[in-house]
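Descriptive structure summary
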Amino acid sequence: MPTSFTVVPVEAQGEERAPADRDGQEKEEDEEDDERDRRSGDGIARESSPFIDSAEVDRGNMYEGKNMALFEEEMDSNPMVSSLLNKLANYTNLTQGVVEHEADEDSKRKEVKVPRMGTFIGVYLPCLQNILGVILFLRLTWIVGTAGVLESFIIVFMCCACTMLTAISMSAIATNGVVPAGGSYYMISRSLGPEFGGAVGLCFYLGTTFAGAMYILGTIEILLTYISPSAAIFKAEEVGEETEALLNNMRVYGTCIIVLMAIVVFVGVKYVNKLALVFLACVILSIIAIYAGVIKTAFDPPDFPICLLGNRTLSKRNFDVCAKFTESNNETKTTALWRLFCDSPLLNATCDDYFSLNNVTEIQGIPGIMSGVLADNLWSTYTEKGSIVEKKGQPSVAGSEETKMSGLPYVFTDIMTYFTMLVGIYFPSVTGIMAGSNRSGDLKDAQKSIPTGTILAISTTSFIYLSCIVLFGACIEGVILRDKFGEAVKGNLVVGTLAWPSPWVIVIGSFFSTCGAGLQSLTGAPRLLQAIARDGIVPFIQVFGHGKANGEPTWALLLTAGICEIGILIASLDSVAPILSMFFLMCYMFVNLACAVQTLLRTPNWRPRFKYYHWTLSFLGMSLCLALMFICSWYYALIAMLIAGCIYKYIEYRGAEKEWGDGIRGLSLNAARYALLRVEDGPPHTKNWRPQLLVLLNLDSEQLVKHPRLLSFTSQLKAGKGLTIVGSVLQGIYLDKCTETQKAEENVKALMGVEKTKGFCQIVVSPNFRDGISCLIQSAGLGGMKHNTVLMAWPQSWKQTENRFSWKNFVDTVRETTAAQQALLVAKNIDLFPTNQERFTEGNIDVWWIVHDGGMLMLLPFLLRQHKVWRKCKMRIFTVAQMDDNSIQMKKDLQMFLYHLRLNAEVEVVEMFENDISAFTYEKTLMMEQRSQMLKQMQLSKNEREREAQLIHDRNTASRSAPAVKAAVPEKVQMTWTKEKLVAEKHKNKDSNISGFKDIFNMKPEWGNLNQSNVRRMHTAVKLNGVVLNKSQHAQLVLLNMPGPPKNRKGDENYMEFLEVLTEGLDRVLLVRGSGREVITIYS
């Protein structure tokens, strides 16, 4: 749909100009702000828009005139469209974390260098150079000979299909906005989040580093095997030690070369970049030489004879004449070959049995494309280690099985071969597809060049590899193809024998290309590590983000050289190749995953310019990568996944939090939405019930949490399971309290992190503190994920009226939780509760089960004892017997109940005898009512206070002059007794009744006016408190049924006093009020 813009000039009418001096002052202030903004930058590209917060445009000009006065207060965060477009036009995506090599960090270039690279130079050729390399020249012919043309075709096709699908996914991601340097790391981290990005970024770094080791090993192999074999330091002293000597030479030369290359990269990295085209030219010339040689074989095959003994291939390093003896002047002379198989040069010498029975024949190693040798090379020839390379279909007479062959000049296989191993060795030859995306900052149009150049490069290299497989199989004899080091052709590079005009074209070209590729790896890998380090997501590698003054990653280069040395010490190219295959495959797998996730989520920001992608292709690419990982080497795959998993968990646990708008976050939101819709919006089954907490916190004037131990207790109770919502209320108007709300939320979240409380924070601003608490209780949570339990601290200063969380708020909160059918936990003396670092080595958790309210009292100690703090505490359950029950039978029933609940606890039934109300109870009740009167009195006006005080005085005076009042007969408290105890208690009660009557006659006059309901309640609280103190004074925690508030709201302040008396003298108390439904069951 075409879009057109029309720019219409708007004339400002009645425009007033500000005074010149004010303009000047504003400009000076703006320049200071601009300078401060420039100083605050660290040179790292941020994920936020690069033009929104820039301070390059003069704000004085921005606010000039009155046409936009309506929006001027928002200009800082929402710039005008003209300003936005201007910054967009001047924006360049500079390399992330790396400053230009030639410029120092402090020198800022005033002119923006316009990128001039197109698709061909910027993407196509770099990808070509990285994809074509050491495996093509050193191992492809051997793979074709071992696996056959058909299976080799399958191997190459699978690997090329994998990279093509990955390139499609990468193109979609790379064209979905600007991609700074960092290539695949940047794309994955911004698409899948910092955890995946860091893990896969480090895997990609390790893959690139091991690729450098592989290229260096390839360089040394070419040097010591094909260019200068005499340069070897270690020589094989005995037969069969050639391989070990070669590996030792690789280690020594590899270490020297890696030191040399590291120095080159450290001193003059710009020369490495300038030599890249030279190395690329070597690769292209070598490939052209191969195709030219293939064409030449059609009419003039090169002369590379192979010597066979029977069907066994002979190594021509130690002889020239392929015959047992020669005729010269009618005289038969034995050859060097004879002397290798026989014990003397004489014709009657004792020779090897197989040598005696078979003839020596000579065939052409490169019969040519028209020879029909392709039919012989179609099928695989996998062998064991140490097997002799044999020609199929060649006549042979078997010799004695006991013949020792190790010292004979046969061509032996150096490793055992099988299909999956060849996949692992070949795959590194198709890596390098990220070269274009790594250079996006240097491209004219990155969003056009990256897809076109990368896919074109993969298509070209895939054609080269597939055509080379067919051409090698059609031109070269099978035994030569299986001869890895060219021993049958006098130590020539096998692919070099096919090239025109000379094998040295391939040898020299491959030497320089592998050398250049090694330098490129040592240049690129440290920069990738530097980009990861500067992102700050992996704390322990942040030191590698530093470097020289011009941004060169010195420390990262040292680490890269060290890891590269590990690959050099392995020394075998065939062993190093599968290692880097794992890391690259894992990287490619997550690129495909990133594209699939973004496509399926359909996030609004997912708008790639590259349209030829689909989530099924990305999923297929991801599956193919995973399959190839396990095909190559299942144990290497598991190790690579373990490394990535450990890095992932480390970043998740210790890494810096980053918000990059990644796809995993979007996926989590979608999954959460799906799960919430599926969770029934109702109470769960009893078996699934667990406390989903709403923790009510108090904040001080600095928005800091007053009782941090409440969050400690929360984490001990929850252990990271279930839902936790930490809420608090700020009193005021939200518009005035925005800043304080944010500060409070930050403080609470920080404390939650310290206390390891996993959950959500919710701060509510309300004109009335009471209404805010009510709002939290009603609306916290979402759908089925709502709290079912409220945890709060006991208001220690409830008697002080200036305390905002007064007794009235507390009692109303208790009532609201009951109305909402939610459980309530009140922690008294919360500051005495243990921190998460403390450990109780002994002690008890005492449960006082007075009334049954759903089993919360049973469940909470079990949950607490899962935590390390309470693990060694024993659980004891106390219950109060009733008069008409048998306490012994009651104890047995309770023990059986706990057995069925699968809970281990000591059980004790407490028997409280009936007695009269003590004078202490009356005094407590009197003090409570007087305090209640005083609290009411403080709410009245001054005149009303005086009037009320006079009334109280008159009432007290009248009560003193009145006769003694008969005490109300207290209600009998039903307790549990056995028959014997009941008889014994009757005699006690006679004495107590006598003393009771004495107490009645000794009563103070004020007691007669007391509310008898309050007296009875106080009696229960005092009596029960005495029993609890007697049994549980030294318990680590006491859980107690919390009585409900009175239905008559006039007695709310008395309710607080009852709870105070009930818990008096106890260190740590958790008052528990159930929700009214069963939360624990004996059934499975």
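Residues numbered from 1 in each chain as written. Predicted model: local features only at pLDDT ≥ 70, side-chain atom pairs only at ≥ 80, totals over all residues. Heavy atoms only, no water.

**Here we look at the overall build of the chain**
- Scanning the chain from N- to C-terminus turns up 33 helices and 15 strands.
- The buried share of the chain, reckoned over its 1084 residues, is 49%.
- In the chain, of all internal contacts separated by at least 6 residues, the share reaching a separation of at least 24 is 82%.
- Within the structure as shown, the chain displays about 54000 Å² of accessible surface, and the carbon and sulfur contribution to it stands at 56%. (Helix = DSSP H or I, 4+ residues; strand = E, 2+ residues; numbered from the N terminus. Buried < 20%, exposed > 50% of the residue type's maximum accessible area, 1.4 Å probe, protein only. Contact = heavy atoms within 4.5 Å. Areas by Shrake-Rupley, 256 points an atom, 1.4 Å probe, with all protein chains shown as cover.)

**A look at the pairing of strand β1 (residues 305–309)**
- Most of β1 is tucked away: four of the five residues are buried.
- Alignment of β1 against strand β5 (residues 360–364), held across five bridges, turns out to be antiparallel. Note that in β5 the partner of Leu308 across the bridge is Thr361.
- Sheet topology note: the β1/strand β2 (residues 312–313) ladder contains two bridges and is antiparallel. The residue bridging Leu308 from the neighbouring strand is Thr313, located in β2.
- Counting the residues in the hairpin turn of β1 and β2 gives two residues, including Gly310, whose phi is positive at 65°. (Pairing = 2+ DSSP bridges.)

**Brief notes about empty space enclosed by the protein**
- Evaluated as defined, the whole model comprises six cavities of 30 Å³ or more.
- Its boundaries defined by the atoms lining it, the largest cavity holds a volume of some 90 Å³.
- What lines the largest cavity is simply Trp142, Val411, Phe412, Thr413, Asp414, Ile415, Arg482, Asp483, Lys484, Phe485 and Glu487.
- When grouped by side-chain class, the residues that make up the lining of the largest cavity number five nonpolar, one polar and five charged. (1 Å grid on protein atoms, 1.4 Å probe; cavity = no way out; pocket = protein on both sides within 12 Å on 5 of 7 lines; lining within 4 Å. Points joined across faces, edges and corners; volume = space filled by probe spheres on them. Nonpolar A, V, L, I, M, F, W, Y, C, P; charged D, E, K, R; others polar.)

**Overview of the pattern of salt bridges**
- Counted by the stated rule, this structure contains 16 salt bridges.
- The partner of Asp574 in a salt bridge is Lys484, and the shortest N-O contact between them spans 2.5 Å. In this pair, Asp574 is assigned in helix α19 (residues 573–601) and Lys484 in the loop between α15 (478–481) and α16 (494–498), connecting sequence segments 90 residues apart. For the residue pair Asp574 and Lys484, the accessibility class agrees, reading buried in each case.
- Ionic pairing is found between Glu745 and Lys749, a salt bridge with its closest N-O pair at 3.3 Å. Separated by four residues within a single helix, Glu745 and Lys749 lie in helix α24 (residues 738–754), roughly one turn from each other.
- Take Glu745: its relative accessible area is 27%, and that puts it in the partly exposed class.
- Taking relative accessible area as the criterion, Lys749 reaches 47% and is therefore assigned partly exposed.
- A single network of salt bridges, built from pairs that share partners, joins Arg139, Glu221, Asp414, Lys484 and Asp574. (Salt bridge = Lys/Arg side-chain N within 4 Å of Asp/Glu carboxyl O.)

**Focus on α19**
- Here α19 spans 42 Å end to end across 29 residues, near enough to the 42 Å set by a 1.5 Å rise per residue.
- Burial runs high along α19: 27 of the 29 residues are buried.
- In the stretch just after α19, Arg602 is the one whose phi turns positive, near 55°. (Expected span 1.5 Å × (residues − 1).)

**Re the confidence of the model for the chain**
- Predicted confidence across the chain gives a mean pLDDT of 77, with 74% of residues reaching 70 or more.
- When pLDDT is averaged over each element of the chain, helix α20 (residues 615–632) comes out on top at 94 and helix α2 (residues 59–62) at the bottom at 44.
- Scored below 50 in pLDDT, residues 1–23 shows five contacts in the model against residues more than four places distant or in partner chains.
- In the model, residues 959–979 has pLDDT below 50 throughout and makes 40 contacts with residues more than four positions away in sequence or in other chains. (pLDDT = per-residue confidence, 0-100.)

**A look at the side chain of Asn1025**
- Take Asn1025: it is sitting in helix α32 (residues 1012–1032).
- Side-chain polar atoms of Asn1025 contact the backbone oxygen of Leu1062, separated by 2.9 Å.
- With residues near it in sequence (within four places) discarded, Asn1025 still touches Val1061, Leu1062, Thr1063 and Glu1064. (Polar contact = N/O pair within 3.5 Å; in protein donor to acceptor, adjacent residues only side chain to side chain.)

**Structural notes on the packing of helix α26 (residues 807–819) against helix α33 (residues 1052–1062)**
- At their nearest, the axes of α26 and α33 sit 9 Å apart, and the two run at 85° to each other. Taken as axis vectors, α26 and α33 run roughly perpendicular relative to one another. Here α26 contributes Trp807, Lys808, Phe810, Val811, Val814 and Arg815 to the contact with α33, which in turn contributes Asp1052, Glu1053, Tyr1055, Met1056 and Leu1059.
- Residues of the contact of α26 with α33, tallied by class, amount to seven nonpolar, no polar and four charged. (Axes fitted to C-alpha atoms, helices over the stretch in contact; angles between N-to-C directions. Parallel < 35°, antiparallel > 145°, perpendicular 65-115°, else oblique.)

**Description of the environment of Pro367**
- With respect to the helices and strands, the residue Pro367 is situated in the loop between β5 and α12 (419–426).
- When its relative accessible area of 25% is taken as the criterion, Pro367 is described as partly exposed.
- Residues Pro367 and Pro302, spaced 65 residues apart in sequence, show a C-alpha to C-alpha distance of 8.0 Å.
- Setting aside residues up to four positions removed in sequence, Pro367 forms contacts with Pro301, Val373, Cys475, Ile476 and Glu477.

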